[in-house]
Amino acid sequence: MSLIDCPECNARISDKAYSCPHCGNPFREPPSGRYFSEKNIGQIAGVTGIWLTAPWLARMVFGIVCVIAIAAVFIFRSS
């Protein structure tokens, strides 16, 4: 840990601080408590992050596939 000068009030503060405790000037965002947040899902999942950030789309596709599968079972069962 080292001390740096706040660009806003010139107070000496830790380089690990997210904001200046004296004036409140933000340096960086605090880490998100959520591992699968929409902000970092692209870094974690790559291309599949689109599916994970739009779960309604994945649920809709899954629902359609289930309805088609159930309908196929009833159709072939009655034949």
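Conventions we followed
- Residues numbered from 1 in each chain as written.
- Predicted model: local features only at pLDDT ≥ 70, side-chain atom pairs only at ≥ 80, totals over all residues.
- Heavy atoms only, no water.
- Patch = residues over 30% accessible without salt bridge, like charges linked within 9 Å, V, L, I, M, F, W, Y side chains within 5 Å.
- Areas by Shrake-Rupley, 256 points an atom, 1.4 Å probe, with all protein chains shown as cover.
- Salt bridge = Lys/Arg side-chain N within 4 Å of Asp/Glu carboxyl O.
- Helix = DSSP H or I, 4+ residues; strand = E, 2+ residues; numbered from the N terminus.
- pLDDT = per-residue confidence, 0-100.
- Buried < 20%, exposed > 50% of the residue type's maximum accessible area, 1.4 Å probe, protein only.
- Polar contact = N/O pair within 3.5 Å; in protein donor to acceptor, adjacent residues only side chain to side chain.

1. Brief notes about a nonpolar patch on the surface
Next, step 1: A surface patch of nonpolar side chains, amounting to about 450 Å² of accessible area, comprises Trp56, Met60, Ile64 and Ile68.
Next, step 2: The residue Ile68 is located in helix H3 (residues 55–78) in this model.

2. What to know about the confidence of the model for the protein
Next, step 1: Mean pLDDT over the protein stands at 76; residues scoring 70 or higher make up 65%.
Next, step 2: Here helix H1 (residues 41–45) is the element of the protein with the lowest mean pLDDT, 53, and strand S2 (residues 12–14) is the one with the highest, 88.

3. Section: the side chain of Ser14
Next, step 1: Locating Ser14 in the fold gives a position in strand S2.
Next, step 2: Owing to a relative accessible area of 18%, Ser14 belongs among the buried residues under this scheme.
Next, step 3: A distance of 3.0 Å separates a polar atom in the side chain of Ser14 from the backbone nitrogen of Lys16.

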